[in-house]
Amino acid sequence: MATTWAKSRVTLAYGKTGLDVELPADRTTIIEPRYLPTVPDEVAALQQAMRQPHASAPLRERIPAAARVAISVCDVTRATPTRRILPVILSEIDHVDPSQVTIFIATGTHRGNTPEELERMLGAEIARTYRVVNHDAFDLGRHRYLGETTSGGPIWIDSDFLDHDFKILTGFIEPHLFAGFSGGPKMIAPGLAAIETVLHLHGAPMIAHPNATWGITEGNPMHDAIREIASVVKPDFALDVTLNKEHGITSVYAGELFTAHKIGCAFVKETAMCPVDRAFEVVVTTNSGFPLDLNLYQAVKGMSAANQIVANGGTIVAAAECSDGLPEFGNYKDILKLGDSPQALLDLILSDGFHMHDQWQVQVQAQIQRRAAVLLHTGGLSDEQIRQAHLERCEDVGATAERLLRSAGNDARIAVLPQGPQTIPYVAG
């Protein structure tokens with residue numbers, strides 16, 4: 001007769017509403033970021049960061065009144081609280097006429113954001129008052145060639161952005177599955193780069209490098225190239241924030257790009273990366289809920305976080321709403337159809353001459369599936385879409401995790417990442 005386990009309830013970040021699951025209490029380890037409260041006054045914290053920046057004079061003093069100002073912001077797939085950050089930045093530079101300010105949506109190779117999304121991201125007044133540009137990586141004519149990186153990648157950056165006199169980058173810092181950390185120089189490349197540049201940055205050799213992973217920037221060939229591109233562009237000022245699970249701002253880093261970003265990354269590594277003493281037979285993960293779990297492409301990040309601590313031959317159970325599908329935009333869905341297994345996809349991507357938009361995400365997914373099974377709980381994908389993605393549907397996360405635990409043996413354990421890649425665990429030693 002099967003052992004009856006006492007259960008504990010865990011709320012997974014899933015879509016906008018969350019997902020409650022019950023798991024065996026004494027066999028489950030919950031791994032979350034160290035909770036940090038929102039700063040007491042977000043406006044004051046942002047103002048202080050811009051008025052007492054790292055390795056820079058205050059923002060207001062840096063910008064002549066007649067300057068054309070470009071501000072790079074994250075797109076809809078990121079949780080950056082842009083609508084709370086932008087008004088404070090704009091109030092700091094209110095000596096510049098709004099007609100001289102352009103807001104660039106650093107989409108990278110994602111789709112352009114809709115008017116409704118822009119209004120939600122920026123706030124209605126800012127969306128109506130300021131010139132807003134959706135970056136388009138696929139229109140090479142909108143980019144300027146700035147040479148090559150030392151690794152041989154072409155540098156194509158949005159011409160309109162380059163033509164502005166003063167360039168401000170905004171974003172938020174979190175661990176990143178192959179660039180080490182987000183924010184900072186990523187707001188230029190891939191954020192405002194052409195597909196030709198992104199294909200090099202996210203090429204198969206870069207993704208396959210052992211240092212192209214969570215929490216590593218120096219010696220990570222991808223982040224090394226990203227910083228090199230930013231050095232060529234020479235942005236004038238950067239402002240990054242860190243967030244808690246309620247998307248409240250917990251700290252702000254502003255000033256000279258590389259100085260501010262390095263300090264912010266050190267803080268995030270300390271607060272959002274968590275050592276564990278063993279690998280787990282079953283790992284339940286999410287993609288941090290809306291908006292990060294909009295599609296399966298993005299949800300690979302949550303799988304990658306789980307992959308850091310899943311045992312070889314174990315199972316990852318990922319919960320991601322995927323309200324935006326696979327998505328339809330880009331080649332992720334198309335590449336998934338080019339092989340009949342994860343290993344076949346990996347062989348194809350690593351073959352000479354293969355270059356396709358979104359291959360990097362398929363490569364990461366295939367690398368994960370080479371060592372662990374991946375099950376998906378989602379309301380946004382059909383059974384056929386899940387099969388095409390070489391995944392298996394999970395109807396009930398709690399029941400599935402318990403079944404897997406029972407089949408894995410008496411010493412087996414479950415790890416849960418309720419906030420997905422907001423926490424990056426690693427096996428100590």
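Check the entry above for the structure.
Being a predicted model, the structure only gives us computed values, none of them experimental. (Residues numbered from 1 in each chain as written. Predicted model: local features only at pLDDT ≥ 70, side-chain atom pairs only at ≥ 80, totals over all residues. Heavy atoms only, no water.)

Caption draft 1: Representation of the layout of surface pockets within the structure. Empty space within the largest pocket amounts to approximately 350 Å³. Together, 18 residues line the largest pocket, and Arg 78, Ala 79, Thr 80, Phe 290 and Pro 291 are the ones closest to its centre. Only α3 (82–92) and α4 (115–122) provide two or more residues apiece to the lining of the largest pocket. In terms of residue count, α3 provides more of the lining of the largest pocket than any other element does, 3 residues in total. Of the residues that constitute the lining of the largest pocket, the class distribution is 7 nonpolar, 4 polar and 7 charged. (1 Å grid on protein atoms, 1.4 Å probe; cavity = no way out; pocket = protein on both sides within 12 Å on 5 of 7 lines; lining within 4 Å. Points joined across faces, edges and corners; volume = space filled by probe spheres on them. Helix = DSSP H or I, 4+ residues; strand = E, 2+ residues; numbered from the N terminus. Nonpolar A, V, L, I, M, F, W, Y, C, P; charged D, E, K, R; others polar.)

Caption draft 2: Representation of helix α14 (residues 359–369). Of all 11 residues in α14, 10 are buried; the element is thus mostly enclosed. Of the positions making up α14, those classed as buried are Gln 359, Trp 360, Gln 361, Val 362, Gln 363, Val 364, Gln 365, Ala 366, Ile 368 and Gln 369. (Buried < 20%, exposed > 50% of the residue type's maximum accessible area, 1.4 Å probe, protein only.)

Caption draft 3: Just unusual backbone geometry, in detail. The linkage connecting Ala 189 with the following residue, Pro 190, adopts the cis geometry, with an omega of 15°. Tracing the backbone through its elements, the reader meets Pro 190 in the loop between β11 (180–181) and α7 (195–201). With an omega of 10°, the peptide bond running from Leu 326 to Pro 327 counts as cis. Turning to its location among the elements, Pro 327 is positioned in the loop between β16 (310–319) and α12 (332–336).

Caption draft 4: Layout of the environment of Glu 256. Secondary-structure assignment places Glu 256 in the loop between β13 (249–255) and α10 (257–272). With relative accessibility at 27%, the residue Glu 256 sits in the partly exposed group. Counting along the chain gives 212 residues from Glu 256 to Ala 44, while the straight-line C-alpha distance between them is 20 Å. Discounting residues that sit within four places of it in the chain, Glu 256 has contacts with His 54, Ala 55 and Ser 56. One polar contact links Glu 256 to Thr 259, side chain to side chain, over a distance of 2.7 Å. (Contact = heavy atoms within 4.5 Å. Polar contact = N/O pair within 3.5 Å; in protein donor to acceptor, adjacent residues only side chain to side chain.)

Caption draft 5: Quick peek at empty space enclosed by the protein. Evaluated as defined, the whole model comprises 3 cavities of 30 Å³ or more. Taken as a whole, the largest cavity holds about 320 Å³ of empty space. In terms of lining residues, the largest cavity is bounded by 26 residues, among which Arg 78, His 110, His 176, Lys 186 and Pro 190 are the most central. Of all elements in the fold, only α11 (296–307) and α14 reach the threshold of two or more residues within the lining of the largest cavity. The element that contributes the greatest number of residues to the lining of the largest cavity is α11, accounting for 3 residues. For the lining of the largest cavity, the residue count by class is 10 nonpolar, 12 polar and 4 charged. As a volume, the second largest cavity reaches approximately 160 Å³. Lining the second largest cavity are 16 residues; nearest its centre among them are His 110, Arg 111, Asn 295, Pro 327 and Phe 329. Counted by class, the lining of the second largest cavity contains 5 nonpolar, 7 polar and 4 charged residues.

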